[in-house]
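# An overview of the molecular structure
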Amino acid sequence: MPILRNIGLLATCRAAGAQGEIHAIAKAALVWRAGVVLWAGRERDLPRGYHALSAMDAGKRLVIPGLVDCHTHLVFGGWRFPEFSQRLLGRSYLEIARAGGGLLSTAAATRGATASALVNRAHGFLRALALQGVTCVEIKSGYGLLPEAEMKILKVIRELAARQPLRLVPTFLAHAVPAEYRQRRGAYLRLLVEEMLPAVARGKLADFCDVFMEKGAFTRGEAGRILAAAGRLGLGLKLHADQLSSGGGAELAGALGAASADHLEYVSAQGIRALKRAGTVAALLPLPCLHLGLQPPPARRFIEAGVPVAVASDFNPGTNPACHLPYALALAVPLLRMTPAEVLKGATIHAARALRRDHVLGSLEPGKSADFSILEAESPEEWLLGFRENSCAATTIAGRRVTPGGT
Ligand SMILES: [Zn+2]
C-alpha cells in the first residue's frame, strides 16, 4: 500500500460540479493498493493505519490525474509539413489534395509502411506523451481506407498496447472514400458496413467507430448509416462533426448517443442542445483549428449549456504535427477562452468520459486507477499559463511510475 505524500495541490478532478471545479486539495496525500486509489485527502487527515506505509514525496508540487488524450491519429506513414506553408500562402485544401497532397498522400505512405515500421514510430510518439504526463491515448485508424490497410493499423495499435505502458483506446475511423472507389461510393459504403465494421468487431480491434462527416468526406446520411451499423455491432460512437462547415454533425452525434462529438467549430445552437440532451462530450481541438485558420469552437457556450468539454491534441500529419498534449492545452486557454482549471478537467475526467472510461480513469478518488502525474508547478494556472516544453516530473500508471526510467 504505497502513499504519495507532501503534495502541494492535489487536483482530484472529480466529475461533480462545473467544468472549472477541479476539487483541489492543498497539502494532500494519496494512498493506493494494487493500482487502485484507496484514499485522497489532506495529509493531516491521513488515517492512522496509513502512516507507516512506503511513501513517495511529491515535493510540494501539483499532482493531477494522468492526462487523457482522447483524439489522436497517432499511427501514420510520412509527414505533410510543406502543406502548412502552402496553406498559409493561400492554396486551398482541395488544390493541395489535387496536387497529390492531403489525406490520400498519408494513406499512400501508411499503406506503403510495414507494420513494424509503424509500431516503432508510434512507440516513440507514445513515449513522448508519457513524458508529458499522459497516461491514456485514443488512437484512430483511418489512413488505410481499404480493408487490409485499416486492419494493419488497428493491429499496430494492438501491438503498441502490449509493448508499452500507456493505456490505449483504439477507434476505427471512416475517414474518406478512397481513390479506388471514387466512382463507386455506394460500393465503398457497403464494404464499410457489411465487411469492414463486422471484421473490426469480430476481431475486437476497436472500442469505437468514428466518421469524418464533412464536405469531401461523408455526408450526414452516410455517417448515420455507418454509425448505426457500428452501434449494432456494439462499438461506441464518435463523430468528426461541424469542423469546416455546419452540417448537423452535433445533432447526429446527440441523436445517436455518441460518446463524443469532436471539432465543432461550426456547431449550431440546436447541435449544442442535442449534445446536452444526450450527455455527449464536446471534444475540442485547438491545434488543427489554429493551423486551418478556423473560427474557434464556442467552448463557453458549451460550458454554459452544461455540455462536458474535453480538450485533445488531434495529433496527425496534416493539421497538427506536434505530438504534445500540454501544448494543445496551453493554447486552449486563450483560443477557447477556457480557464486553466476548465482545461485540466477537459484533459482528465471529461476526456475519460469521451472514451467511456470515466468509471475507472480521469480523476483521483477511491476506486479509480492510481494514474497520476507530478507537475513542476503549484497550480493549473502556473502549469498552462507559464507553459514550458515539459513540466512533468513523473508519470504513474496503476501506481507504477513509468517515467522517467521504467518501461
Ligand atoms: Zn481527427
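Residues numbered from 1 in each chain as written. Predicted model: local features only at pLDDT ≥ 70, side-chain atom pairs only at ≥ 80, totals over all residues. Heavy atoms only, no water.

## Some words on the environment of Ala24
Relative to the helices and strands, Ala24 resides in strand β2 (residues 24-33). On the basis of relative accessible area, Ala24 is assigned to the partly exposed category, the value being 40%. Placed 370 residues apart in sequence, Ala24 and Ala394 show a C-alpha to C-alpha distance of 19 Å. With near-sequence residues (within four places) excluded, Ala24 lies in contact with Leu9, Leu10 and Ala11. (Helix = DSSP H or I, 4+ residues; strand = E, 2+ residues; numbered from the N terminus. Buried < 20%, exposed > 50% of the residue type's maximum accessible area, 1.4 Å probe, protein only. Contact = heavy atoms within 4.5 Å.)

## Quick word on the domain arrangement of the chain
By domain assignment, the chain separates into domain 1 (3-66 + 362-403) and domain 2 (67-354). Distance between the C-alpha centres of domain 1 and domain 2: 29 Å. At the junction of the two partners, domain 1 supplies 36 residues and domain 2 supplies 34 residues. Summing the contributions of domain 1 and of domain 2, the shared interface buries around 2,500 Å²; its carbon and sulfur component is 67%. Measuring nitrogen to oxygen at the nearest pair gives 2.6 Å for the salt bridge that ties Arg167 to Asp371. Between domain 1 and domain 2 we count 16 residue pairs in polar contact (both at pLDDT 80 or more) in total. Of all the elements, helix α15 (residues 380-385) adds the most residues to the side of domain 1 that touches domain 2, at five residues. (Domains from an automatic or database assignment. Buried area = accessible area lost by both parts, 1.4 Å probe. Salt bridge = Lys/Arg side-chain N within 4 Å of Asp/Glu carboxyl O. Polar contact = N/O pair within 3.5 Å; in protein donor to acceptor, adjacent residues only side chain to side chain.)

## What to know about the nonpolar core
Side chains that are nonpolar tend, in soluble globular proteins, to be buried together. Among the nonpolar cores identified, the biggest contains 101 residues, and Ile226, Leu264, Phe302 and Trp383 are the most heavily contacted of them. The element contributing the most residues to this core is helix α6 (residues 185-202), with eight residues. Here this core spans two domains, and each of domain 1 (3-66 + 362-403) and domain 2 (67-354) adds at least three residues to it. For Leu264, the residues in contact, after removing those within four places along its chain, are Ala241, Asp242, Ala250, Leu275, Ala282, Ala283, Leu284, Pro297, Pro298 and Phe302. (Core = buried A, V, L, I, M, F, W, Y, C linked by side-chain atoms within 4.5 Å.)

## Considerations on the coordination of the zinc ion
The protein atoms donating to the zinc ion are His71 (NE2), His73 (NE2) and His240 (NE2), with metal-donor distances spanning 2.0 to 2.2 Å. Linear spacing of the donor residues for the zinc ion on their chain is H-x1-H-x166-H. In this pair, His71 is assigned in the loop between β6 (67-69) and α1 (81-88) and His240 in strand β10 (residues 236-241), connecting sequence segments 169 residues apart. Taking the relative accessible area as the measure of exposure, His71 reaches 0% and is therefore buried. (Donors = N, O, S within 2.8 Å, 3.2 Å for Na, K, Ca; no water.)

## A few points about empty space enclosed by the protein
Under the definition given, this model contains one cavity of 30 Å³ or more. Within this model, the largest cavity holds a volume of roughly 30 Å³. Lining the largest cavity, in full, are Gln132, Pro326, Trp383, Phe387, Arg388, Asn390, Ser391 and Cys392. A breakdown of the residues in the lining of the largest cavity according to their chemical character gives four nonpolar, three polar and one charged. (1 Å grid on protein atoms, 1.4 Å probe; cavity = no way out; pocket = protein on both sides within 12 Å on 5 of 7 lines; lining within 4 Å. Points joined across faces, edges and corners; volume = space filled by probe spheres on them. Nonpolar A, V, L, I, M, F, W, Y, C, P; charged D, E, K, R; others polar.)

## A short note on the packing of aromatic side chains
Applying the stated rule across the entire model yields 11 aromatic pairs. Consider the rings of Trp79 and Phe125, whose centres lie 6.0 Å apart with planes at 75°: the pair is edge-to-face. With Trp79 in the loop between β6 and α1 and Phe125 in helix α4 (residues 115-131), this residue pair connects regions lying 46 residues apart in the sequence. Residue Trp79 is classed as partly exposed on the basis of its relative accessible area, which comes to 35%. Judged by its relative accessible area of 13%, Phe125 is buried. These aromatic residues form a ring-pair network of at least three members: Phe76, Trp79, Phe81, Phe125, Tyr143 and Phe315. A cation sits over an aromatic face here: Arg87 above Phe84, 4.7 Å from the ring centre. Lying across the ring of Phe208, Lys238 places its NZ or CZ 5.1 Å from the centre. (Phe/Tyr/Trp six-rings, centres within 6.5 Å; stacked < 30°, edge-to-face > 60°. Lys NZ or Arg CZ within 6 Å of the ring centre and 35° of its normal.)

## Section: α1
Of the residues making up α1, those classed as buried are Glu83, Phe84 and Arg87. Seen along its axis, α1 keeps its buried residues to an arc of 105°; they face one direction. Relative to its buried face, α1 has exposed residues pointing more than 90 degrees away, namely Pro82 and Leu88. Residues of α1 that are buried in the fold lie against α2 (93-98), α3 (103-112) and α10 (286-291). One or two positions beyond α1, positive phi appears at Gly90, with a value near 110°. (Arc of directions from axis to C-beta.)

## Description of the environment of Gly367
Secondary-structure assignment places Gly367 in the loop between α14 (349-354) and β14 (372-375). Considered as a pair, Gly367 and Leu103 are 264 residues apart in the sequence and their alpha carbons are 42 Å apart. What Gly367 contacts, discounting residues up to four positions off in sequence, is Val36 and Val37.

## Quick word on unusual backbone geometry
Its identity as a non-glycine residue notwithstanding, Leu145 has a phi of 70°, on the positive side. Although it is not a glycine, Ala398 sits at a positive phi angle of roughly 50°. Note on placement: Ala398 falls in the loop between β15 (392-397) and β16 (400-403). Residue classification places Ala398 among the partly exposed residues on the basis of a relative accessible area of 35%.

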